[in-house]
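# Overview (structure and organization)
Here is what each chain is made of, one letter per residue.
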Amino acid sequence: MLDCFDPAMAAGMEAEMKKEGGDPAAKEAETNSMLGDFLEGADGFHIIDQTTTASNEVTVNVSFDGEGQVRKMVFRQIGNDWKFVDGF
């Protein structure tokens with residue numbers, strides 16, 4: 001799961017998981033479950049708009065069906081991949 005995040009964000013999340021203690025695999029499974037619960041209610045999503053904020057960064061405003069709000073998500077290009085930086 002951490003592979004979808006910007007390396008700095010992933011490192012911070014990993015450090016937080018270690019600080020909290022317990023089994024890292026269990027923490028990751030719990031996070032995956034919470035994300036799944038969040039997305040479960042959405043039948044789909046729509047990209048409302050996107051703005052290029054840097055040559056390797058884009059801000060995307062997304063609306064999840066049935067939620068009634070727009071969420072801002074920021075992605076950064078790392079190599080050939082786009083990684084989640086901020087949002088939700």
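Right, let's walk through the structure included here. Residue indices begin from 1 for each chain and proceed along its sequence in written order. Owing to the predicted nature of the model, reporting of local features is limited to residues with pLDDT of at least 70; listing and counting of side-chain atom pairs is limited to 80 or more, with chain, interface and lining totals taken over all residues. Excluded from the side-chain calculations are hydrogens and water; all other atoms, namely the structure's heavy atoms, are used.

So, about the side chain of Arg71. Along the chain, the position of Arg71 falls in strand β3 (residues 70-78). A polar contact of 2.8 Å, which involves the side chain of Arg71, links it to the side chain of Glu67. In this text, helices come from DSSP runs of H or I with a minimum length of four residues, and strands from runs of E with a minimum of two, each type numbered from the N-terminal end. As used in this structure description, the phrase polar contact means that two N or O atoms lie within 3.5 Å; if the pair is within protein, one of them must be able to donate a hydrogen and the other to accept it, and residues adjacent in sequence are counted only when both atoms belong to side chains.

Here the focus is the side chain of Thr59. Within the fold, Thr59 resides in strand β2 (residues 57-64). Note on contacts: a residue pair is in contact if any heavy atoms of the two residues lie within 4.5 Å. The residues touching Thr59, leaving out its near neighbours within four places in the chain, are Asp49, Gln50, Thr51, Thr53, Lys72, Met73 and Val74.

The next thing to look at is the packing of aromatic side chains. Here a Phe, Tyr or Trp ring, Trp counted by its six-membered ring, pairs with any other such ring whose centre lies within 6.5 Å, and the pair is stacked when the planes are under 30 degrees apart, edge-to-face when over 60, and tilted otherwise. Under the defined criterion, the tally for this structure stands at two aromatic pairs. Taking 6.1 Å as the distance between ring centres and 45° as the angle between the ring planes, the aromatic pair formed by Phe45 and Phe64 counts as tilted. Of the two residues, Phe45 sits in strand β1 (residues 45-54) while Phe64 sits in strand β2, which places them 19 residues apart along the sequence. Buried means the residue's accessible area, taken with a 1.4 Å probe over protein chains only, is under 20% of the maximum for its type, while exposed means over 50%, and partly exposed covers the values in between. Residue class for Phe45 comes out exposed when judged on its relative accessible area of 52%. The interplanar angle of 75° and the centroid separation of 5.8 Å between the aromatic rings of Phe75 and Phe84 together place this pair among those described as edge-to-face. Given the relative accessible area of 9%, Phe84 is considered buried.

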